Amino acid sequence: MSEHLRHVMAHARRVVVKVGSSSLTGPGGHLDETRLGALVDVLARERSGGREVLLVTSGSIAAGIGPLGLTERPTNLELQQAAASVGQGKLIHAYTQAFGRHGLDVGQVLLTSDDMVRRAHYGNARRALESLLTLGVVPIINENDTVATDEIRFGDNDRLAALVATAIAADALVLLTDVDALYTAVPGSPGAHRISVVHGPEDLGGIDISRRGSSVGTGGMITKVEAASMATTSGVAVVLASAKDAGPAVAGEDVGTLFLPTGKRDTTRLQWLAHAARTRGGIVLDDGAVRAVVSRRASLLAAGVVEVRGQFEAGEPVDLLATDGTLVARGFAGFSAEEAGQMMGMSTDALGETLGEHYARELIHIDHLVVL
Ligand SMILES: Nc1ncnc2c1ncn2[C@@H]1O[C@H](COP(=O)(O)OP(=O)(O)O)[C@@H](O)[C@H]1O
Ligand SMILES: N[C@@H](CCC(=O)OP(=O)(O)O)C(=O)O
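Only a predicted model underlies this, so the values are computations on that prediction, with no experimental measurement involved. (Residues numbered from 1 in each chain as written. Chains lettered and ligands numbered in written order. Predicted model: local features only at pLDDT ≥ 70, side-chain atom pairs only at ≥ 80, totals over all residues.)

Chemist: So what about the overall build of the protein? Which residues, and what values?
Modeler: From N to C terminus, the protein includes 13 helices and 13 strands. The globule rule puts the C-alpha radius of gyration for 372 residues at 21 Å, and the 22 Å found for the protein is close to it. Dimensions of the protein, computed from the C-alpha atoms along their principal axes, are close to 75 × 45 × 40 Å. (Helix = DSSP H or I, 4+ residues; strand = E, 2+ residues; numbered from the N terminus. Rg over C-alpha atoms; globule rule 2.2 N^0.38 Å.)

Written out as structure tokens, the structure is:
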């Protein structure tokens, strides 16, 4: 049924593939080089077929469990950092060797959440990835778990993979895991059946994704569905499939679950604003302003603002909230928090008369806004 939709995958030129810990490590907390090698064979074939491939790989912590003599995935941060330090070395060594057998070089890219959250860093990470691709190198990306702290870490690579895919304007994102698709309920439970295509958020109502995933993975299905939604709203097609089905999934065969793109590709600046930006403040809109911004795609005028929260400077990202606290949009503020506080509730004419001509304009221009 979904075969004709899979051409999105079959024709994708730039593909981000993410593989989970449970698909790369065995029960004793050691890397499973056979499974890793099988994945690399698929990716190398795609590369020689002319596609650009980036790999986001989990498994640093899981692959450090055995070598450190631990019996299970550590829960405290210091041990996770140590396991990641040992495991990441083993991971990159295994990938270097496996891709090397195909005559391909790999480049290790370890990212922290700051690299995605701060705009200058985001641009820097994007340029580094582009440069590797231009040079024909396969980027092997993971979170920098050894220096990540609880406060700043992504924690799961599903979201990181979606951010990477949008940042480098990939055509497709393939999430490989230990289950063969998204199911309507926990796989194996009565009546649970595979979902072949998700056209948009409306197809996800009533699906049970609450159960935690494997003992070595972190996100479970929740973070995968969130990552898929993040990527598809930015115009990136997503396939969720078993790592065993990596070949057919990347080739666009009817395996796993295809999430069709729902949005168009925004400029990178607006993608960053929507998904990665960390805000220091918010602007609360009355109901009319919410309708204007969300439904009519109008600029935000000071007249529709009822509260200004936190501190921000002109040009910084801010949250736009409804009066019930719902996040409805994000934008680059046209004025600082202090100025916005003085301007709120005033018509454009009144702003010009009381504060001066400089203030007689929108608080956030539509070109600097993304509706969420
Ligand atoms: N509705 C669902 N459909 C498919 N899998 C689900 C669902 N709900 C929960 N899961 C669980 O999500 C797990 C995958 O998540 P996780 O273990 O974090 O994978 P990874 O290590 O690949 O990131 C599956 O093993 C499965 O048990
Ligand atoms: N950066 C961590 C990834 C943790 C993670 O997301 O794991 P998973 O749920 O298996 O994708 C690691 O390499 O262990």
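Chemist: How would you sum up the packing of helix α2 (residues 33–48) against helix α4 (residues 77–100)? Please name residues and give values.
Modeler: For any two helices packed against each other, the geometry is given by the interaxial angle and the distance between the axes. Contact pair α2 / α4: the axes reach a minimum separation of 9 Å and the direction vectors enclose 50 degrees. As far as their axial angle goes, α4 and α2 are oblique. Seen from above, α2 lies across α4 with right-handed handedness. Contacts from Glu-33, Leu-36, Gly-37, Val-40 and Ala-44 in α2 reach Ala-94, Tyr-95, Ala-98 and Phe-99 in α4. Its residues assigned to classes, the contact of α2 with α4 comprises seven nonpolar, one polar and one charged. (Axes fitted to C-alpha atoms, helices over the stretch in contact; angles between N-to-C directions. Parallel < 35°, antiparallel > 145°, perpendicular 65-115°, else oblique. Left-handed = near helix turned anticlockwise from the far one by under 90°. Contact = placed C-beta atoms within 7 Å. Nonpolar A, V, L, I, M, F, W, Y, C, P; charged D, E, K, R; others polar.)

Chemist: So what's going on with the nonpolar core? Which residues, and what values?
Modeler: In terms of nonpolar packing, the biggest core is built from 108 residues, with Val-164, Leu-173 and Val-174 touching the most fellow members. Each of domain 1 (3–270) and domain 2 (279–371) gives at least three residues to this core. Not counting residues within four places of it along the chain, the set of residues in contact with Val-174 comprises Val-15, Val-17, Val-239, Ala-241, Ala-249 and Val-250. (Core = buried A, V, L, I, M, F, W, Y, C linked by C-beta atoms within 7 Å. Buried ≥ 20, exposed ≤ 12 C-beta atoms within 10 Å, placed from the backbone. Domains from an automatic or database assignment.)

Chemist: Can you explain the UniProt feature "binding site: substrate" (unreviewed entry) in the protein? Please cite residues and give values.
Modeler: As recorded in UniProt, the feature "binding site: substrate" (unreviewed entry) lies at Ser-58, Asp-145 and Asn-157. Of the residues just listed, which span 100 residues, no C-alpha pair is farther apart than 10.8 Å, and they cluster in one region. When you line up the elements, Asp-145 lands in the loop between β4 (138–143) and α7 (157–167). Here Asp-145 is in contact with Ser-60, Ile-61, Gln-80, Gln-81 and Ala-84, once residues within four sequence places are set aside. (UniProt positions renumbered as here; feature names shortened; annotations may be inferred.)

Chemist: Would you mind going over the domain arrangement of the protein in detail, with residue names and values included?
Modeler: Here the protein is partitioned into domain 1 (3–270) and domain 2 (279–371). Here the C-alpha centroids of domain 1 and domain 2 sit 37 Å apart.

Chemist: Can you break down the sheet that holds strand β6 (residues 197–198) residue by residue, with the values?
Modeler: Where strands meet in a sheet, backbone hydrogen bonds hold them as pairs that are either parallel or antiparallel. Across the sheet, eight strands lie side by side as β3-β4-β2-β1-β5-β7-β8-β6; this open sheet has mixed pairing. Each of the sheet's edge strands pairs with one partner strand only, and the pair in question is β3 (106–111) and β6. Alignment of strand β5 (residues 172–177) against strand β7 (residues 237–242), held across six bridges, turns out to be parallel. Residue Leu-173 lies in a different strand from β7, and its bridge partner there is Val-238. Set on the sheet, α2 makes contact with β1 (14–19), β2 (52–57) and β4; between it and β2 the angle comes to about 155 degrees. (Pairing = 2+ DSSP bridges.)

Chemist: Go over the sheet that holds strand β10 (residues 305–310), please, and point to the residues and values.
Modeler: Across the sheet, five strands lie side by side as β10-β9-β11-β12-β13; this open sheet has mixed pairing. Edge positions in the sheet fall to β10 and β13 (369–371), since each has one partner strand and no second. Along the sheet, successive strands turn relative to each other by an average axial angle of 20 degrees, direction set aside. Where strand β11 (residues 317–321) meets strand β12 (residues 327–332), five bridges bridge the pair, whose relative direction is antiparallel.

Chemist: I'd like to hear about the UniProt feature "binding site: ATP" (unreviewed entry) in the protein, residue by residue, with values.
Modeler: Here, UniProt's "binding site: ATP" (unreviewed entry) annotation points to Lys-18, Thr-177, Asp-178, Thr-218, Gly-219, Gly-220, Met-221, Ile-222, Thr-223 and Lys-224. With respect to the element layout, Thr-177 can be found in strand β5. In this structure, Thr-177 is in contact with Gly-20, Ser-22, Ser-23, Lys-224, Leu-240, Ser-242 and Ala-243, ignoring residues within four places of it in sequence. Relative to the assigned elements, Lys-224 resides in helix α8 (residues 220–233). We classify Lys-224 as buried; it has 28 C-beta atoms within 10 Å.

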